[in-house]
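Single-letter residue listing:
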Amino acid sequence: MSDPTLELSGIAKSYNQGRENEVTVLREIDLSVNAGEIVALVAPSGAGKSTLLHIAGLLDTPDAGSVKIAGQDVTGLSDRKRTAIRREDVGFVYQFHHLLPEFTALENIVLPQLANGIAAAKAEERALDLLTRVGVSHRADHRPAALSGGEQQRVAFCRALANAPRLLLADEPTGNLDPETSDQVFAALMELVRGTGLSAVIATHNLELAGRMDRQMRLEGGALVAL
Ligand code: ADP
């Protein structure tokens, strides 16, 4: 059995919100996500899911505990090494697409690959393949402003997967869409993740969407509880 893609052990995180006002957001988080597994992170707003996803994706550091990506303990590594691991192994999707407005859908997926040393022709081929998987290849040459909200998010999923990460972290990826679009875009995300065999932690308020994932964890009072 290979190492879990993501392993969080004893993660704690507090924030100082002014004098003598320390808020403990995460107390004792243990989470192990195996290769190919999709875990729903269910939490009300303010419960700390962004904090948890940022720690898992090496964008933030915990006060205590360890983060392992594919068996490697990244807790004590330098910023440079953490950045390299994040770039290679982790893809992020947010509630808003954050695509670059002056580039086309295709270019938004090509650029991160060029930054990673992939040749242009190969990067374009992969970008088009990803766009085809989520059903928006016909919009490849459009800029984000010319796309619908659902199409923008589909392109953002492709960009997150551009460099074939091991782990996808998504923070309310369909939270900004109307219910019907959200449903379809979520289905496209699930197909994309299943088709590429990567692991994912997807935060959502929506219990119905959470139910379509392999496992559901609720973040409550700074701890994770299985649903
Ligand atoms: P969620 O994503 O579930 O809405 P967050 O992880 O964004 O929750 O935030 C959880 C709590 O931590 C909130 O009370 C928020 O105010 C606090 N918090 C988050 N980031 C910071 C920060 N950089 N400084 C101080 N407090 C923060």
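Just above, that's the structure.
Described below are features of the structure shown in this document. These numbers were taken from a predicted model, which means no experiment stands behind them. (Residues numbered from 1 in each chain as written. Predicted model: local features only at pLDDT ≥ 70, side-chain atom pairs only at ≥ 80, totals over all residues. Heavy atoms only, no water.)

**With respect to the nonpolar core**
The nonpolar side chains of a soluble globular protein tend to be buried, and buried together. The biggest cluster of nonpolar side chains holds 40 residues, and the ones touching the most others in it are Ile109, Leu131, Val155, Leu168 and Ile202. If you tally residues by element for this core, the top one is helix 6 (residues 179-196), at seven residues. If we ignore the near neighbours within four places in the chain, the residues touching Ile202 are Ile38, Val39, Ala40, Leu41, Ala170, Pro173, Phe186, Leu189 and Met213. (Core = buried A, V, L, I, M, F, W, Y, C linked by side-chain atoms within 4.5 Å. Buried < 20%, exposed > 50% of the residue type's maximum accessible area, 1.4 Å probe, protein only. Helix = DSSP H or I, 4+ residues; strand = E, 2+ residues; numbered from the N terminus. Contact = heavy atoms within 4.5 Å.)

**A closer look at unusual backbone geometry**
One non-glycine residue, Ala70, lies in positive phi territory at about 50 degrees. Relative to the elements of secondary structure, Ala70 occurs in the loop between strand 4 (64-69) and strand 5 (72-73). Assessed through its relative accessible area of 27%, Ala70 is described here as partly exposed. For Ala164, which is not a glycine, the phi torsion comes out positive at approximately 50 degrees.

**Overview of empty space enclosed by the protein**
Summed over the entire model, instances satisfying the criterion amount to one cavity of 30 Å³ or more. Estimates place the volume of the largest cavity at around 40 Å³. Residue lining of the largest cavity: Leu6, Leu8, Leu31, Leu41, Leu52, Leu53, Ala56, Leu169 and Val201, and that is the complete set. If you list the elements that add at least two residues to the lining of the largest cavity, you get strand 1 (6-16) and helix 1 (49-56). Sorting elements by how many residues they give to the lining of the largest cavity places helix 1 first, with three residues. Class assignment of the residues belonging to the lining of the largest cavity gives a composition of nine nonpolar, no polar and no charged. (1 Å grid on protein atoms, 1.4 Å probe; cavity = no way out; pocket = protein on both sides within 12 Å on 5 of 7 lines; lining within 4 Å. Points joined across faces, edges and corners; volume = space filled by probe spheres on them. Nonpolar A, V, L, I, M, F, W, Y, C, P; charged D, E, K, R; others polar.)

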